[in-house]
Amino acid sequence: MVALGRHYEGSKTVHKIPLGNDQVKVGVEEVRDADAPIPVPTEEVKLVGQALNTFLAWPTHLVK
């Protein structure tokens, strides 16, 4: 586990970018491993430590 956050069920986009069929929108609320890479990086966010209080696309199989 690299972070804790909230899963936004029913969301279809993150920052106006459509989610893939195997992705969900998450909001990162607590970082556990700041150096872990983001599974779906953006230009601004590549590591979990950069993701605090942001919304990201995250693969569904990595969400508990």
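Let me begin by describing the structure that accompanies this report.

Reading the values: rules and limits
- The residue count restarts for each chain, going from 1 along the sequence in the order it is written.
- Only residues with pLDDT of at least 70 get local features here, since the model is predicted, and only at 80 or more are side-chain atom pairs given and counted; chain-wide, interface and lining totals rely on the full set of residues.
- Hydrogens and waters are ignored; side-chain quantities use all the structure's heavy atoms.
- Method remark: on a 1 Å grid restricted to protein atoms, a set of points is classed as a cavity if a 1.4 Å probe fits but cannot get out and as a pocket if it is open with protein on both sides within 12 Å along at least five of seven lines; lining residues have an atom within 4 Å of a point.
- Grid points are joined across faces, edges and corners, and a volume is the space filled by probe spheres set on the points.
- Going along the chain from the N terminus, every DSSP run of H or I of four or more residues is numbered as a helix, and every run of E of two or more is numbered as a strand.
- When residue character is reported, Ala, Val, Leu, Ile, Met, Phe, Trp, Tyr, Cys and Pro are called nonpolar, Asp, Glu, Lys and Arg charged, and the others, Gly included, polar.

A few words now on the layout of surface pockets. The computed volume of the largest pocket comes to approximately 430 Å³. Ala 3, Trp 58, Leu 62, Val 63 and Lys 64 are, among the 17 residues lining the largest pocket, the residues nearest its centre. Listing elements by their share of the lining of the largest pocket, those giving two or more residues are β1 (3-8) and β4 (23-31). When residues in the lining of the largest pocket are grouped by element, the largest group, five residues, is from β1. In terms of residue class, the lining of the largest pocket is built from twelve nonpolar, three polar and two charged. Each pocket or cavity is described by its volume, and for the second largest pocket that value is around 240 Å³. In terms of lining residues, the second largest pocket is bounded by 14 residues, among which Val 14, His 15, Ile 17, Thr 42 and Ala 57 are the most central. Residue assignment for the lining of the second largest pocket shows that the elements contributing at least two residues are β3 (17-18) and β5 (55-59). For the lining of the second largest pocket, a count of residues per class yields nine nonpolar, four polar and one charged.

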